[in-house]
Amino acid sequence: HTIAVLLQARGVPFIAFDSDPGRIAQARADGHPVAYGDFADPELLASIRLDQAALVVVTLNQTETALAAVAYLARHYPGLPVVARARDLESSARLLEAGASHAHPDAIEASLHL
């Protein structure tokens with residue numbers, strides 16, 4: 001949600017995907033372009049014209065699902081920058097190994113804000 005608000009405020013076109021119908025409904029009510037879909041699903045990723053994307057931001061809650069999405073993106077779109085949210089330093093390292101350009105741990109981000 002936060003990323004959508006920031007992008008929309010700056011006039012950056014984007015599309016977001018979520019698999020929770022409640023979050024999709026709320027995001028759409030807030031005016032954000034959100035579609036239903038599992039972002040780790042190779043069929044979804046193959047269908048959404050990532051060849052035209054300038055950047056992908058992965059904020060999935062499940063590390064294994066995020067790893068699958070990042071690995072797919074690195075294999076099929078090697079020049080596409082991928083920024084991922086990680087749960088911790090270990091997850092961050094794994095996401096970087098899978099092909100993320102940047103992987104930012106939640107815990108460190110929150111600590112820096114403090």
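Caption draft 1: Seen up close, the pairing of strand 5 (residues 102-105). Only one face of strand 5 is buried, namely the one carrying Ala103 and Pro105, since none of His102 and His104 on the opposite face is buried. Note that strand 4 (residues 82-86) and strand 5 share four bridges and pair parallel. Looking at strand 5, one finds that Ala86 is bridged to Pro105. Where the polypeptide runs from strand 4 across helix 5 (residues 89-98) and back to strand 5, its parallel neighbour, the crossover connection is right-handed.

Caption draft 2: Region of the structure containing the environment of Leu96. With respect to the helices, strands and loops of the structure, Leu96 is situated in helix 5. Classification of Leu96 as partly exposed rests on a relative accessible area of 41%. Along the primary structure Leu96 and Gly31 are separated by 65 residues, whereas in three dimensions their C-alpha atoms are 32 Å apart.

Caption draft 3: Structural view of the environment of Ser19. Tracing the sequence through the fold places Ser19 in the loop between strand 1 (16-18) and helix 2 (21-29). Assessed through its relative accessible area of 44%, Ser19 is described here as partly exposed. Measuring from C-alpha to C-alpha, the distance between Ser19 and Ala35 comes to 8.4 Å, with 16 residues separating the pair along the chain. Setting aside residues up to four positions removed in sequence, Ser19 forms contacts with Tyr36 and Gly37.

What counts and how
Residue positions are counted from 1 within each chain, in the order its sequence is given. Under the rules for a predicted model, residues below a pLDDT of 70 receive no local features and side-chain atom pairs below 80 are neither given nor counted, while totals for whole chains, interfaces and linings still include all residues. To get the side-chain values, all heavy atoms of the structure are used, and hydrogens and water are removed first. Exposure classes here rest on a 1.4 Å probe applied to the protein chains alone. A residue is buried below 20% of its type maximum, exposed above 50%, and partly exposed in between. Helix numbering and strand numbering both begin at the N terminus, where a helix is a DSSP run of H or I of at least 4 residues and a strand a DSSP run of E of at least 2. Each pair of strands is called paired provided DSSP finds at least two bridges between the two strands. Every crossover in which the path from the first strand over the helix to the second runs clockwise, viewed with the strands pointing away from the viewer, is termed right-handed. Residues count as neighbours in contact if any of their non-hydrogen atoms are within 4.5 Å of one another.

Shape descriptors only; they carry no functional weight alone.
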